[in-house]
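Chain and residue survey
Spelled out from the first residue to the last, the chains are:
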Amino acid sequence: MTPQPIIIAGGGIGGLAAAVGLAQKGVPTVVLEKAPALGEIGAGIQLGPNAFHCFDYLGVGDAARAIAVYVDNLRLMDAMSGEEITHIPLDEPFRVRFGNPYAVIHRGDLHGIFLKPVARTAASSSV
């Protein structure tokens, strides 16, 4: 008996990540999206090490790292004077300590990373 598919409302990064994770467990999904087509929208997003740990679990970590822009310092600036208030080093010692980088990725590029496995699953599924 084939299990009933899980309906996922929204084909954004979260919806596609849920579909990838469920597919890995053999759970069929149907992703519903109100936009007429999935495409690049939005701007860059900042991702901490935990996001990359999640991407690894979902099988897209290497693809995400390949398109990420690695940040070596996070700087907090005073909006009035333009002076640096403080900074946090995010270079190699940070990456070693936390096991993954702090990086930025364009939202559309990250969306595409999740779209590929979902499209493969959909193409091989009869649901």
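The coordinates are above.
I will try to describe carefully the structure that is included in this document.

The rules we used
- Residues numbered from 1 in each chain as written.
- Predicted model: local features only at pLDDT ≥ 70, side-chain atom pairs only at ≥ 80, totals over all residues.
- Heavy atoms only, no water.
- Core = buried A, V, L, I, M, F, W, Y, C linked by side-chain atoms within 4.5 Å.
- Buried < 20%, exposed > 50% of the residue type's maximum accessible area, 1.4 Å probe, protein only.
- Helix = DSSP H or I, 4+ residues; strand = E, 2+ residues; numbered from the N terminus.
- Contact = heavy atoms within 4.5 Å.
- Pairing = 2+ DSSP bridges.
- Expected span 1.5 Å × (residues − 1).
- Phe/Tyr/Trp six-rings, centres within 6.5 Å; stacked < 30°, edge-to-face > 60°.

Right, let's get into the nonpolar core. Judged by nonpolar contacts, the single largest core of 21 residues is most densely connected at Leu47, Phe52, Phe55, Ile105, Leu110 and Phe114. Residue assignment for this core shows that the elements contributing at least two residues are helix H1 (13–24), strand E3 (44–47), helix H2 (49–58), strand E7 (103–106) and helix H5 (107–124). The element contributing the most residues to this core is H1, with five residues. Setting aside residues up to four positions removed in sequence, Phe114 forms contacts with Ile13, Leu16, Ala17, Val20, Phe55, Leu58 and Val60.

Another aspect to go through is the sheet that holds E3. One open sheet holds the three strands; their spatial order is E3-E7-E4, and the pairing between them is antiparallel. Single-partner strands in this sheet number two, and they are E3 and strand E4 (69–70). Note: E3 against E7, four bridges, orientation antiparallel. Pairing of Ile45 across the sheet is with Ile105, part of E7.

For an α-helix, the turn length of 3.6 residues means that residues three or four places apart are oriented alike. Here H1 spans 17 Å end to end across 12 residues, near enough to the 16 Å set by a 1.5 Å rise per residue. All of the buried residues along H1 are Ile13, Gly15, Leu16, Ala17, Ala19, Val20 and Gly21. At the C-terminal side of H1, Gly26 shows a positive phi close to 80 degrees.

The next subject is the packing of aromatic side chains. Tallied over the entire structure, the rule returns three aromatic pairs. Seen in terms of ring centroids, Phe52 and Phe55 are 5.6 Å apart; in terms of plane orientation they differ by 75 degrees. Their pairing is edge-to-face. Linking Phe52 with Phe55, this pair stays in helix H2, spanning three residues, or about one helical turn. With respect to class, Phe52 is no different from Phe55; both count as buried. Considering the side-chain rings of Phe55 and Phe114, the 5.7 Å spacing of their centres and the 70 degrees angle between planes classify their relative orientation as edge-to-face. Here Phe55 is found in helix H2, whereas its partner Phe114 is found in helix H5, with 59 residues between them in sequence. According to the relative accessible area criterion, Phe55 is buried, its value standing at 7%. Its relative accessible area of 1% is what places Phe114 among the buried residues.

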